[in-house]
Amino acid sequence: MELKKHFITTERPYREGAVEVFEQNIPHVSARKAVLTITALGVYEAQINGEKIGDQMFAPGYTYYYHDLFYQTHDITSLLHGDDTLRVYLGQGWYCGRFTCDNKTQIYGERPAMSWVLELELMDGSRQFLCSDDDSVHAVPSPYDYAGLYDGEIFFAEGASHPESQELFPPVPYSGPLPDHFMPAGIMVRCREEMPVLNETKSGDKTILDFGQNFSGIIEIDPTKMKGDTIHVHHGEILNPDGSLYTANLRKAKAEIIYHKGTETGKYRPRFTYMGFRYAEISGTEYTPGLITAYAVYSDMDRTGHFTCTNPLADRLYQNQVWGQKSNYIEVPTDCPQRDERMGYPGDGQVFALTGAYNYDTEKFWAKYLGDMRSSQQDNTEGYVGPVIPAEGPGGVGFINMLGWGNAVTIIPEMLYRQYGTDRYLREQYDSMKSHVDCEIRHMGGAQGVENLWIAPNLGDWLCPGKDIAYMAKHNGPVSNAFIVNDLRILSRTAERFGKTDDAAHYKEQMEKTRDAYIQTFITDDGSMKDDYQGAYIMALHFVVPKGELWDKLFSKLVGKIHDEGMQTGFFSTEHLLPLLADNGQVGFAYDLLLQEECPGWMYQVLRGATTIWERWDAILPDGSVNEADQNGDNMVSFNHYAFGSVGEFYYSHILGIRPLEPGYRKILIAPLPDARLGKVRGSYDSRSGKISVGWEVKGDTVSLQIETPEDSVLRLPDGSEKDLEKGSYTFQFNL
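Residues numbered from 1 in each chain as written. Predicted model: local features only at pLDDT ≥ 70, side-chain atom pairs only at ≥ 80, totals over all residues. Heavy atoms only, no water.

Peer 1: Residues and numbers for the overall build of the protein chain, please.
Peer 2: Counting its regular elements, the protein chain contains 16 helices and 33 strands. The globule rule puts the C-alpha radius of gyration for 736 residues at 27 Å, and the 27 Å found for the protein chain is close to it. Structurally, the protein chain occupies a C-alpha span of about 80 × 60 × 55 Å along its principal axes. Among the 736 residues that make up the protein chain, the fraction classed as buried is 62%. (Helix = DSSP H or I, 4+ residues; strand = E, 2+ residues; numbered from the N terminus. Rg over C-alpha atoms; globule rule 2.2 N^0.38 Å. Buried < 20%, exposed > 50% of the residue type's maximum accessible area, 1.4 Å probe, protein only.)

Peer 1: Could you give an account of the pattern of salt bridges, naming the residues involved and the relevant values?
Peer 2: Overall, the coordinates contain 42 salt bridges when judged by the stated rule. Residue E414 pairs with R418 through a salt bridge whose shortest N-O separation is 2.4 Å. Taken together, the positions of E414 and R418, both in helix 5 (residues 408–420) and 4 residues apart, correspond to about one turn of that helix. Judged by its relative accessible area of 24%, E414 is partly exposed. (Salt bridge = Lys/Arg side-chain N within 4 Å of Asp/Glu carboxyl O.)

Peer 1: So what's going on with the layout of surface pockets? Residues and values would help.
Peer 2: Put simply, the largest pocket is a space of about 1200 Å³. In terms of lining, the largest pocket is formed by 36 residues, of which the most central are E414, R418, H542, F543 and E649. When contributions to the lining of the largest pocket are tallied by element, the ones reaching two or more residues are helix 3 (346–359), helix 5, helix 9 (477–497), helix 11 (534–544), helix 13 (571–582), helix 16 (648–655) and strand 26 (658–660). Looking at the lining of the largest pocket residue by residue, the class counts come to 16 nonpolar, 9 polar and 11 charged. (1 Å grid on protein atoms, 1.4 Å probe; cavity = no way out; pocket = protein on both sides within 12 Å on 5 of 7 lines; lining within 4 Å. Points joined across faces, edges and corners; volume = space filled by probe spheres on them. Nonpolar A, V, L, I, M, F, W, Y, C, P; charged D, E, K, R; others polar.)

Peer 1: Tell me about unusual backbone geometry, and please be specific about residues and values.
Peer 2: A cis amide bond links A59 with the next residue in sequence, P60, at an omega value of 10°. Following the sequence through the fold, P60 ends up in the loop between strand 6 (56–57) and strand 7 (68–75). For the bond running from I389 to P390, omega is -5°, close enough to zero to count as cis. Take P390: it is sitting in the loop between helix 4 (363–378) and helix 5.

Peer 1: Just give me the short version of the nonpolar core, but keep the residues and values in it.
Peer 2: Residues I221, I292, L594, Y651, I655, L678 and W696 are the most contacted members of the largest nonpolar core, which totals 206 residues. Residues I8, I48, L90 and L130 belong to the second largest nonpolar core, which totals 26 residues. (Core = buried A, V, L, I, M, F, W, Y, C linked by side-chain atoms within 4.5 Å.)

Peer 1: Please set out the packing of aromatic side chains residue by residue, giving values where relevant.
Peer 2: This model, assessed by the stated rule, comprises 50 aromatic pairs. With a centroid separation of 6.2 Å and 85° between ring planes, the pair formed by Y89 and Y144 is classed as edge-to-face. Taken as a pair, Y89 in strand 8 (residues 84–91) and Y144 in strand 12 (residues 144–148) lie far apart in primary sequence, 55 residues in all. The class for Y89 is buried, based on a relative accessible area of 5%. Judged by centre distance (5.9 Å) and plane angle (5°), the rings of F155 and Y259 are stacked. You can see F155 sitting in strand 13 (residues 152–156) and its partner Y259 sitting in strand 20 (residues 256–260), a full 104 residues away along the chain. (Phe/Tyr/Trp six-rings, centres within 6.5 Å; stacked < 30°, edge-to-face > 60°.)

Peer 1: Any chance you could break down the environment of I455 for me, citing the residues and the numbers?
Peer 2: The residue I455 is located in the loop between helix 7 (430–442) and helix 8 (469–475) in this model. Residue class for I455 comes out partly exposed when judged on its relative accessible area of 42%. Residues contacting I455, with those up to four places away along its chain left out, are V450, N481 and F522. (Contact = heavy atoms within 4.5 Å.)

Peer 1: With reference to specific residues and values, describe the sheet that holds strand 26.
Peer 2: Here we have 4 strands laid out as an open sheet, ordered 26-27-31-32, and mixed in their pairing. Unpaired on one side and paired on the other, strand 26 and strand 32 (722–725) mark the two borders of the sheet. Neighbour-to-neighbour, the strand axes of this sheet turn through a mean angle of 25°, independent of strand direction. Note that strand 26 and strand 27 (residues 668–670) share 3 bridges and pair antiparallel. Paired with P660 across the two strands is I668, which belongs to strand 27. (Pairing = 2+ DSSP bridges. Axes fitted to C-alpha atoms, helices over the stretch in contact; angles between N-to-C directions.)

Peer 1: So, the sheet that holds strand 33 (residues 728–735): which residues are in play, and what are the values?
Peer 2: The sheet built from 5 strands is open, its strands ordered 23-28-29-30-33 with antiparallel pairing. Of all the strands in the sheet, just strand 23 (305–309) and strand 33 have a single pairing partner and so form its edges. Taken over all neighbouring pairs, the strand axes of this sheet differ in orientation by 10° on average, direction set aside. Sheet topology places strand 30 (residues 702–709) next to strand 33; 8 bridges connect them, and they run antiparallel. When the bridges of strand 33 are listed, Q706 appears paired with T731.

Peer 1: Give a description of empty space enclosed by the protein that names residues and reports values.
Peer 2: With the rule as written, the count across this model stands at 6 cavities of 30 Å³ or more. Surrounding the largest cavity, E16, V43, F58, Q92, G93, W94, G97, R98, A147, G148, L149 and F272 form its lining. When contributions to the lining of the largest cavity are tallied by element, the ones reaching two or more residues are helix 1 (93–96) and strand 12. Grouping the constituent residues of the lining of the largest cavity by class yields 6 nonpolar, 4 polar and 2 charged.

Peer 1: Any details on the environment of E363? Residues and values, ideally.
Peer 2: Residue position: E363 is located in helix 4. Given a relative accessible area of 16%, E363 falls into the buried group. The residues contacting E363, other than those within four sequence positions of it, are L416, Y420, T422, Y425 and R688.

Peer 1: Just give me the short version of the pairing of strand 32, but keep the residues and values in it.
Peer 2: When strand 31 (residues 713–716) meets strand 32, the two strands line up antiparallel, connected through 4 bridges. By the bridge assignment for strand 32, S713 is matched with L725. As consecutive antiparallel partners, strand 31 and strand 32 are separated by 5 residues, and within that stretch G720 has a phi angle of approximately 95°, a positive value.

Peer 1: Got a sec to walk through the side chain of D68? Specific residues and values, please.
Peer 2: Within the fold, D68 resides in strand 7. Summary of buried charges: D68 has no salt-bridge partner, and the nearest side chain of opposite charge, R374, is 7.5 Å away. In contact with D68, not counting residues within four places along its chain, are T63, P179, H181, M183, G371 and S375. (Lys, Arg positive; Asp, Glu negative; His and termini not counted.)

Peer 1: Account for helix 10 (residues 501–522), naming residues and giving values.
Peer 2: An ideal rise of 1.5 Å per residue puts 32 Å on 22 residues; helix 10 measures up with 31 Å between its terminal C-alpha atoms. Within helix 10, the full set of buried residues consists of D503, A504, Y507, Q510, M511, T514, A517, Y518 and F522. Considered in projection along helix 10, the buried side chains sweep an arc of 165° and stay on one side of the axis. Facing away from the buried side of helix 10 by over 90 degrees, the exposed positions are T501, D502 and Q520. Packing partners of the buried residues in helix 10 comprise helix 7, helix 9 and helix 11. (Expected span 1.5 Å × (residues − 1). Arc of directions from axis to C-beta.)

Peer 1: Can you explain the packing of helix 4 against helix 5? Please cite residues and give values.
Peer 2: The interhelical angle for the contact between helix 4 and helix 5, taken along N-to-C directions, is 155°, at an axis separation of 11 Å. Relative to helix 5, the element helix 4 is oriented roughly antiparallel. Taken as a pair, helix 4 and helix 5 cross one another with a handedness that is left-handed. For the pair helix 4 and helix 5, contact is made by E363, W366, L370 and M373 and by A408, V409, I412, P413, M415, L416 and Y420, respectively. Looking at side-chain class alone, the contact of helix 4 with helix 5 contains 10 nonpolar, no polar and 1 charged residues. (Parallel < 35°, antiparallel > 145°, perpendicular 65-115°, else oblique. Left-handed = near helix turned anticlockwise from the far one by under 90°.)

Peer 1: I'd like a rundown of the environment of S646, residues and numbers included.
Peer 2: Its location among the elements puts S646 in the loop between helix 15 (602–607) and helix 16. Assessed through its relative accessible area of 1%, S646 is described here as buried. Sequence separation between S646 and Y507 is 139 residues, and the spatial gap between their C-alpha atoms is 29 Å.

Peer 1: So, the side chain of S299: which residues are in play, and what are the values?
Peer 2: Counting through the fold element by element, S299 comes out in strand 22 (residues 292–299). Among all residues touching S299, those that are not within four sequence positions of it are I187, M188, V189, R192, Y329, I330, E331 and F365.

Right under this line is the structure:
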């Protein structure tokens, strides 16, 4: 790869948040075509004559830098006019800036570096190359005093008074390690919809802007609207009771923009950060309309799912989970966009993956992330998929095995097969799945364990009400080992699909042994879980226990527990709760839980002003205060955390009733479950086979149903009766 030959850096002593700026004059030549190929260990933005090249944010993208690096190729012919200047801003980003909840720096390298090749095709057919390590490249003063993912940016516009002169460090050849694989970026983060200011509130010399929606994004500043020399913008998700900005949940993240006005009139946008916020506090200058514009930011993905209903709370909940996805699909499936975390968590990712694949076409997003998973796994000493992807570097399983997180290695490829009809990801991930499952098998048994089970400390059904870390460390077994049973099932079926008969037989045999050990260890004969919490029942019913007498006993116990205790589910079990109830004769109860307004419950959040999904069911307590209870040694309350948004799956698969009977919806099941409490319902899903639309309304005992299907389908009514449908549009009426 030509780029590998031209990396440059500087010898600046490491300072967190530093930004290097390089320039290269482009000679005035008659060029038929000009193509720039560029990448960085860090985050870059390139310009020609002050105009940004492309619209990608955080280029080249976040990868496991030990093995992988993206690059971009741009045709910049139309940007060249003679005597042009290429300027490149180089920030530290994920590569060596401050990152992770431990606020580490220099995770992947000591300092940022970058490389580019500008190829000029001249009118006579000859070619001229300008490279980043040419003598014509020089450093220029940086307008940034600071730029980082968590703290934000401090920017001095041209002509602004800078408190101290900056020492320039010239570019030097980079001699550090480079990733093994360079590849074009297949998916990018971009600026999306504009988020209008809903209202403004003045308090002394500060103004708080309310955008009416919690989201991941950036603010744009128009310096021509500034009356002062400096503007401070602080970001937050909620307000304190006195109307001031609540920021305690940001932890060590400052989440601020400080912009110093100069002679520039062009609008300023952050290059090296994004924030999770609904509110922006403006100080330092008087706020006037047009000074601040906000934009949502998320990765490339096309909208495929839609839903509306006339029940305003249920409709708002649907919108909340969509915004949770947009806010957390930024390069990787993050946990939250606001605090000092924003890491790639496969556990949160797999829980929401099916919901997300209904909302949006996420195939490219997951293709990229599965690659991150394989690359990170290469450096795991036990072949395990860890709880954070991309990983920080080489490592092993660790004291807490984090089952439920790395199991995304099987769950996501299998989901992509069902939803999109391609087995590409099962094939690409096959060796990765095997490596992960083999590690699980090696850890089974032992002197302190149980044969065919992996008993170890774990977070279990994370954030299950009333069950803290200490409890789950000892009682996670039914949740953790349910994931292992599912891994073995997926792997054995995949091996069979690909004709790997020995593997299929081996993993099927192990699955049966682990399932039997699970039942013997965790379940009593009367259908009680020995670890008696709802998540244990749900995971056993969904992943482990075959249908039959024991399953029926477990299900009856679960229903009784929920009636007695209320809903008490955590990150993993919540995804399966409503479908499990609805598919087994408890449709009305499933709707009761969906619509209940008490805590824990989704509508509890909506009634308290939520516009995204909260990390905790009770992030805001019934008395209106923020739940700042210590969960892991620090404030841990996010108001934009999409795991409990996995309820979106129920909206599509059960309220609308849209499910694949064959992978990729080559044959379709339409099985809506109407409930009058939702009012008039309309929704659709743009599947690989075409658009599937469903609408229904209940009046008295009569349901009016409208369907449009692009393929042969089976209509299943709530009474269990079925009707075969061909491609087309249909209207039905039936009695509940």
